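Overview (structure and organization)
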Amino acid sequence: MIKEEKKFYRKCDHPGCEAEGEYRAPKDRSLKEYYWFCLKHVSEYNKSWNYYDGMSQDEIERENKLDETWHCPSWKFGLNLEQLSKDGRLEDPFEIYNTYMKGRNTKKSYSKMVLQPKLTVQELEAVKFLEITFPYTEAQLKTRYKLLVKKHHPDLNNGSKKSEEMFKKVAECYRILLKKLKNQ
């Protein structure tokens, strides 16, 4: 960098040029290091720059194919989740898809979250009564249970028979949905 009247600027990287290097140009295909050129020399450099220089035709085609998906993994339509899991190509850190796998050869779910399950009539009634929405965790179920138990506890409602029945219903619904979580 050259100091001129309290202004710092980069010197052009072209040999013998004293102009300011305002424009960057890549040194190689990694695009991690750059030259800094003046407008005249960056134009000359860009005319001769070829990203694919030194690559075979197969390497160029592979690079172009990867560019189509921003260098992210992809797979053909129609492959099922179980096949992707067996091939080791399924990355599922939240284990959302694991719930639907047959023969689950992947690690167990640590969230124990119920996603769009098939519900029995009894389970459906329990969900509606407790006003739980899917997906839910055991902690969410327990929080809802505690709230309703406090609300309908007979001792807090002057021994009301209606409150006692609601209290029993809350406990039964909680037991049903907790069992659903445990049996996943």
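Within any chain, residue numbers begin from 1 and follow the written order of that chain's sequence. Local features in a predicted model are, by the rule used here, given only for residues with pLDDT of at least 70; side-chain atom pairs are given and counted only at 80 or more, and totals for whole chains, interfaces and linings are based on all residues. The side-chain numbers reported here are obtained from all heavy atoms of the structure, hydrogens and water having been left aside.

Helices and strands together make up the secondary structure of the protein chain, namely six helices and four strands. Each helix and strand of the protein chain, ordered N terminal to C terminal, gives the series β-β-β-β-α-α-α-α-α-α. The burial tally for the protein chain puts 24% of its 184 residues in the buried class. Residue pairs in contact within the protein chain that sit at least 24 positions apart in sequence constitute 30% of those at least 6 positions apart. Surface accessibility in these figures is a Shrake-Rupley result with a 1.4 Å probe; residues are shielded only by whichever protein chains are displayed. A total accessible area of about 14,300 Å² is found for the protein chain, and carbon and sulfur atoms account for 53% of it. Helix and strand definitions follow DSSP, with helices as H or I runs of at least four residues and strands as E runs of at least two, each counted in order from the N terminus. Working definition: with a 1.4 Å probe on protein chains only, accessible area under 20% of the residue-type maximum means buried, over 50% means exposed, and in between means partly exposed. In what follows, residue pairs with any heavy atoms lying within 4.5 Å of each other are defined as contacts.

Attention now goes to the nonpolar core. Residues enter a nonpolar core if they are buried and are Ala, Val, Leu, Ile, Met, Phe, Trp, Tyr or Cys, with the set joined through side-chain atoms within 4.5 Å. Counting 15 residues, the largest nonpolar core has Ala 126, Leu 130, Ile 132, Tyr 136, Leu 141, Val 170 and Leu 177 as its most contacted members. Those elements giving two or more residues to this core turn out to be helix H4 (121-130), helix H5 (138-152) and helix H6 (161-182). Ranked by the residues each element gives to this core, the list is headed by H6, at seven residues. If we ignore the near neighbours within four places in the chain, the residues touching Ala 126 are Cys 173, Ile 176 and Leu 177. Cys 17, Cys 38, Val 42 and Tyr 45 belong to the second-largest nonpolar core, a separate cluster that totals seven residues.

Mean pLDDT for the protein chain: 80, with 73% of residues reaching 70 or above. Confidence scores here are pLDDT values: one per residue, from the predictor, ranging 0 to 100. Of all the helices and strands in the protein chain, strand E1 (residues 2-4) carries the lowest mean pLDDT, 56, while strand E4 (residues 34-37) carries the highest, 95.

Moving on, we get to the environment of Arg 10. Following the sequence through the fold, Arg 10 ends up in the loop between strand E2 (7-9) and strand E3 (23-26). Each C-alpha atom of the pair Arg 10 and Glu 22 lies 7.1 Å from the other, and the pair is 12 residues apart in sequence.

Pairing of aromatic rings covers Phe, Tyr and Trp, the last counted by its six-membered ring, and requires centre-to-centre distances within 6.5 Å; plane angles under 30 degrees mean stacked, over 60 mean edge-to-face, and any other angle means tilted. The final tally for this structure, using the stated rule, is six aromatic pairs. For the ring pair Tyr 51 and Tyr 52, a centre distance of 5.2 Å and an interplane angle of 85° mean the geometry is edge-to-face. Under the relative-accessibility criterion, Tyr 52 is labelled partly exposed at 26%. Consider the rings of Tyr 145 and Tyr 174, whose centres lie 4.1 Å apart with planes at 20°: the pair is stacked. One end of the pair, Tyr 145, is in helix H5; the other, Tyr 174, is in helix H6, and 29 residues separate them in sequence.

An α-helical turn contains 3.6 residues, so any two residues separated by three or four positions project in the same direction. Three or more residues of helix H1 (residues 39-48) are buried, namely His 41, Val 42 and Tyr 45. The buried residues of H1 occupy an angular sector of 100° when projected down its axis, which confines them to one face. Opposite its buried face, H1 presents the exposed residues Leu 39, Lys 40 and Lys 47, each directed more than 90 degrees away. In this context, the arc is that of the directions from the helix axis out to the C-beta atoms.

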